[in-house]
Amino acid sequence: PVVANQIAAGEVVERPASIVKELLENSFDANAGQCRVVLDEGGLARISVKDDGIGMGPEDLMLATERHTTSKLTRLDDLGHSPWLGFRGEALAAIASVSHLTLASRESGAAVGYALTVEFGRIGDLAPRAMSEGTQVEVTRLFDTVPARQKALKSPAAELAACQQVVQQLALCRPDVGITLWHHDRRLLETGGTGDRLAAIMAIFGRDLAEQVIAIDHTFSRGLRIQGYVAPAHVHRANRAGQGLYLNRRWITNWTLRSAIEEAFKPELPDRRYPYFWLWLTLDPDTVDPNAHPTKAEVRLLGERQVAALCHRAVQDALAEAAK
Ligand code: ADP
Ligand code: MG
């Protein structure tokens, strides 16, 4: 099983940022209101994610790191309509097979917590631990036994930047969850968790930018709603770090939507510059491709071209209205 898990690990766990994403999404699935992410050496030396969610009992802790065990999938049909971000039970097993993983949890209502350490796939002993309600996952010695993977890792600074991107995107995706990010003893991000999207944008991109953004809120037929913020076309940056697409409480990437939206900022947008936009889409779950690979952010939509055209128009209208 260790080998199978290490193979699976290649799909789920590429670098610290992919681990941070899996762990935060598990916290979201556990109904967390607060999540604290701590990284050392850009996540290469240590990744810790602590939440105040529903937690796990000692039996669940043992199960959680086994492959294909998930508490989330109840019927096969749920794969298409799952409210959960994870539903295959692969992430923790995969991470545990290529690192030292400590899983500590105190179930809500329980008197005490328990901790379990898995070292490169070998499950250790379960021990009681004094802790507050919720779950803390800690990952150290990442890829120590997988030199090929280790060679593919970048510098701590580059890995940190990738982790920061993921945390920012998930914080925007779920402004109702308070998220803090620390690198060693430096706090890099703190969102309030009030649910206010603009407050989350301000926490990440600063007051200056937040004061310039234009709000969007359109409801269309077939249950499509587009909400969000864009900055005027003359405010732009050299990369796409100021863009986000969120669909039914998931962070997604979708090339068709992105290009249609970027198009709406032209011709004012200079070459090789990228506009700021954050759009939260609500769509009938039946129109999202159930075959989309869960670890891949690229999500296909039925009627993608029409949705893209509506996003384009919503952004264009907002920019035009603000320019009056
Ligand atoms: P999946 O998310 O696909 O179910 P994971 O390997 O990510 O698979 O997690 C396995 C199981 O461990 C989850 O189904 C859940 O029951 C439990 N779990 C993981 N993280 C947490 C957490 N932060 N809080 C509570 N339970 C968790
Ligand atoms: Mg998961």
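It should be emphasised that the depicted structure is a prediction, and the values quoted were computed from it without experimental measurement.

Asker: How should I be thinking about the sheet that holds strand β2 (residues 46–51) in this particular structure?
Answerer: Each strand in a sheet pairs with its neighbour through backbone hydrogen bonds, running either in the same direction (parallel) or in the opposite one (antiparallel). Strand order across the open sheet formed by eight strands is β5-β4-β3-β6-β2-β1-β7-β8, with mixed pairing between neighbours. For this open sheet the edge positions go to β5 (122–129) and β8 (186–190), each flanked by a neighbour on one side alone. Recorded for the sheet is a direction-independent mean angle of 15° between the axes of neighbouring strands. In this structure, strand β3 (residues 100–106) lies alongside strand β6 (residues 134–140), joined through seven bridges in antiparallel fashion. Directly across from Ser105, in β6, lies its bridge partner Thr135. Against the sheet, helix α2 (residues 16–29) touches β1 (34–40), β2 and β6, its axis set at about 10° to β2. Against the sheet, helix α7 (residues 156–173) engages β1, β7 (178–183) and β8, with an angle of about 170° to β7.

Asker: Teacher, can you tell me more about the sheet that holds strand β10 (residues 225–230) here?
Answerer: Read from one edge of the open sheet, five strands run β9-β10-β15-β12-β13, paired in mixed fashion. At either margin of the open sheet sits one strand with a lone partner, and together these are β9 (214–219) and β13 (250–252). Here the strands of the sheet are splayed against their neighbours by 20° on average, with no regard to which way each runs. Sheet topology places β9 next to β10; six bridges connect them, and they run antiparallel. Within β10, the residue paired with Asp217 across the bridge is Gln227.

Rules behind the numbers
- Residues numbered from 1 in each chain as written.
- Chains lettered and ligands numbered in written order.
- Predicted model: local features only at pLDDT ≥ 70, side-chain atom pairs only at ≥ 80, totals over all residues.
- Pairing = 2+ DSSP bridges.
- Helix = DSSP H or I, 4+ residues; strand = E, 2+ residues; numbered from the N terminus.
- Axes fitted to C-alpha atoms, helices over the stretch in contact; angles between N-to-C directions.
- Contact = placed C-beta atoms within 7 Å.

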